[in-house]
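The residues making up each chain are set out below.
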Amino acid sequence: MTRELPLLPTTVCGSHALPSWLHLVREAEAADRLGPTDLGEAYDDAVRIAIRDQIEAGVDVISDGEMRRTTFIRGFYARLTGLVPLPVPRRLGPLNYDTHCPYEVVGKIEAPQGLGIVDAFSFARAHADRPLRVAVPGPMTLLMPLRRGGPYATEDALVADLAAIVNREMRALVEAGCEFIQVDEPNYVMSAGKHRVLRAGPGPMLEALKAVVNGVSAKLALHVCFGNAHNNSFASPRRYAPLYPEILQAPVDQFVFEYANREMAEIELWSRHATTKEVAVGVVDVKAFRVESAEEVAARARLALTHVPAERLWLVPDCGLWETPRWVAVSKLRSMVEAARLLRRELSGKR
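Engineer: It is not clear to me how unusual backbone geometry should be interpreted in this structure. Could you clarify?
Structural biologist: Across the chain, the bulk of peptide bonds are trans and the bulk of non-glycine residues have phi less than zero. The peptide bond linking Tyr244 to Pro245 adopts the cis configuration, its omega dihedral lying at -5 degrees. Along the polypeptide, Pro245 turns up in the loop between strand S6 (219-224) and strand S7 (254-257). Positive phi, normally seen in glycine, also occurs at Leu8, with a value near 55 degrees. Tracing the sequence through the fold places Leu8 in the segment before helix H1 (20-30). Residue Asp32 is not a glycine yet carries a positive backbone phi of 60 degrees. Summarising the element assignment, Asp32 is placed in the loop between H1 and helix H2 (36-57). The exposure class assigned to Asp32 is exposed, which follows from its relative accessible area of 66%.

If you want it as structure tokens, here you go:
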């Protein structure tokens, strides 16, 4: 990172809350009522707002808010070849994980024009006055809605091609000047009860991660959460323990885990399993509508400090903020930043 960061840096997981009017833009886009110039202006403006919100809140390392993305990873599948959409399992009732389209793999999966993340970063970089972190989807997570078929005799072969696509995107990000890349892999725990992931185990998962980061010269983070579509978790039970100690071998510089919405459960695992890597601890509950006070956030961080040294601890929301109302999201970020400032004063002995 080129900018010197304070003790207990604050950051985000990736997505920011959408401006209310952007929902109207997306409805108009789906109805084919907007041209490319209209859409370009709208999304550019949304990114500027997301960056401004984070800067005004005082966040140390920000993102572009992922304003151009659709429902976490869903927008990426339109950029992949070799897929055929399948019927949506459920269309009535509240939106949730089963109201999204799965895909059948019918041919070799490729991304001829990339995933679009590089262009998004380049635009954001010109409007940010502080370090940016960019999140990319991990191959195990991209695998989630895919039904194997076509040329892929094994799931490992399919994961290998997904890893190669993400690796190319990450290398291109570095070439564009990106210094901090986060790999999102909620599927490490979200599908732990499914046969394919049980068969894979942490070893092959980490082999796929090694392929993803191969040759990528940037600060690297691994984000593992329990899902956040429509403010609902996917994984049950929500436990990190099965990932240890293998997860510590991940070829990254920082782990990003959620804790606030689970009352800081399993934070003690960082004492039981030694590591020299940074830990970005979720101290803001993105699934809760209520805005925590700075003191509440600081109390969570103090607990984290009993298990992670201050020089390796970062503060972060549990997950992305895309499902959180914007005024709530901004208020939560402000509480997190104020909590960090409070703790820095405590640690320095100043009041």
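Now that the structure is up, let's keep going.
Engineer: In this structure, what is going on with the packing of aromatic side chains? I would like to understand it.
Structural biologist: Two numbers describe a pair of aromatic rings. These are the distance of the centres and the angle of the planes. The full count for this structure, using the stated rule, is 10 aromatic pairs. Geometrically, the ring pair formed by Tyr244 and Trp270 is edge-to-face, given 5.5 Å between the ring centres and 75 degrees between the ring planes. Placement of the pair is Tyr244 in the loop between S6 and S7 and Trp270 in helix H9 (residues 269-272), with a sequence separation of 26 residues. For the pair formed by Tyr244 and Trp270, the shared burial category is buried. Taking 5.5 Å as the distance between ring centres and 35 degrees as the angle between the ring planes, the aromatic pair formed by Phe255 and Trp270 counts as tilted. In this pair, Phe255 sits in strand S7 while Trp270 sits in helix H9, placing the two residues 15 residues apart along the sequence. As far as the burial class goes, Phe255 and Trp270 line up, both buried. Ring pairing ties together the aromatic residues Phe226, Tyr240, Tyr244, Phe255, Phe257, Tyr259 and Trp270, which thus form one cluster. Its end group placed over the ring of Phe123, Arg68 keeps NZ or CZ at 5.0 Å from the ring centre.

Engineer: What is the right way to look at the nonpolar core in this model?
Structural biologist: Here is a general trend for soluble globular proteins: nonpolar side chains tend to be buried in one another's company. Residues Ile109, Met170, Tyr188, Leu222, Tyr240 and Trp270 are the most contacted members of the largest nonpolar core, which totals 107 residues. No other element matches the nine residues that H2 contributes to this core. In terms of nonpolar packing, the next biggest core, distinct from the first, is built from eight residues, Val61, Phe180, Ala280 and Trp314 among them.

Engineer: It is not clear to me how the environment of Thr70 should be interpreted in this structure. Could you clarify?
Structural biologist: Among the structural elements, Thr70 can be located in the loop between H2 and strand S1 (83-85). Residue classification places Thr70 among the partly exposed positions, given a relative accessible area of 38%. For the pair formed by Thr70 and Trp322, sequence separation is 252 residues and the distance between their alpha carbons is 9.7 Å.

Engineer: Would you mind going over helix H3 (residues 117-125) with me for this structure?
Structural biologist: The α-helix advances 3.6 residues per turn, and as a result positions three or four apart in sequence lie on the same side. Inspection of H3 places Ile117, Val118, Ala120, Phe121, Phe123 and Ala124 among the buried residues, and these make up the whole buried set. Where the residues of H3 are buried, they touch H2, strand S3 (134-137) and helix H5 (155-175).

Engineer: Would you explain the packing of H3 against H5 in this entry?
Structural biologist: Describing two packed helices takes the angle between their axes plus the distance from one axis to the other. Here H3 crosses H5 at 25 degrees, and the two axes come no closer than 9 Å. It follows that H3 is roughly parallel to H5 by the angle criterion. Considering the relative orientation of H3 and H5, their crossing is right-handed. Residues Ile117, Val118 and Phe121 of H3 lie in contact with H5, whose contacting residues are Glu169, Ala172 and Leu173.

Engineer: Can you walk me through the pattern of salt bridges in this structure?
Structural biologist: Two side chains with opposite charge may pair up if their charged atoms get near one another. For the structure shown, the criterion picks out 20 salt bridges. Measuring nitrogen to oxygen at the nearest pair gives 3.0 Å for the salt bridge that ties Arg290 to Glu296. Given the relative accessible area of 31%, Glu296 is considered partly exposed. The network of salt bridges with shared partners includes Glu292, Arg300 and Lys332.

The rules behind these values
Residues numbered from 1 in each chain as written. Predicted model: local features only at pLDDT ≥ 70, side-chain atom pairs only at ≥ 80, totals over all residues. Heavy atoms only, no water. Helix = DSSP H or I, 4+ residues; strand = E, 2+ residues; numbered from the N terminus. Buried < 20%, exposed > 50% of the residue type's maximum accessible area, 1.4 Å probe, protein only. Phe/Tyr/Trp six-rings, centres within 6.5 Å; stacked < 30°, edge-to-face > 60°. Lys NZ or Arg CZ within 6 Å of the ring centre and 35° of its normal. Core = buried A, V, L, I, M, F, W, Y, C linked by side-chain atoms within 4.5 Å. Contact = heavy atoms within 4.5 Å. Axes fitted to C-alpha atoms, helices over the stretch in contact; angles between N-to-C directions. Parallel < 35°, antiparallel > 145°, perpendicular 65-115°, else oblique. Left-handed = near helix turned anticlockwise from the far one by under 90°. Salt bridge = Lys/Arg side-chain N within 4 Å of Asp/Glu carboxyl O.

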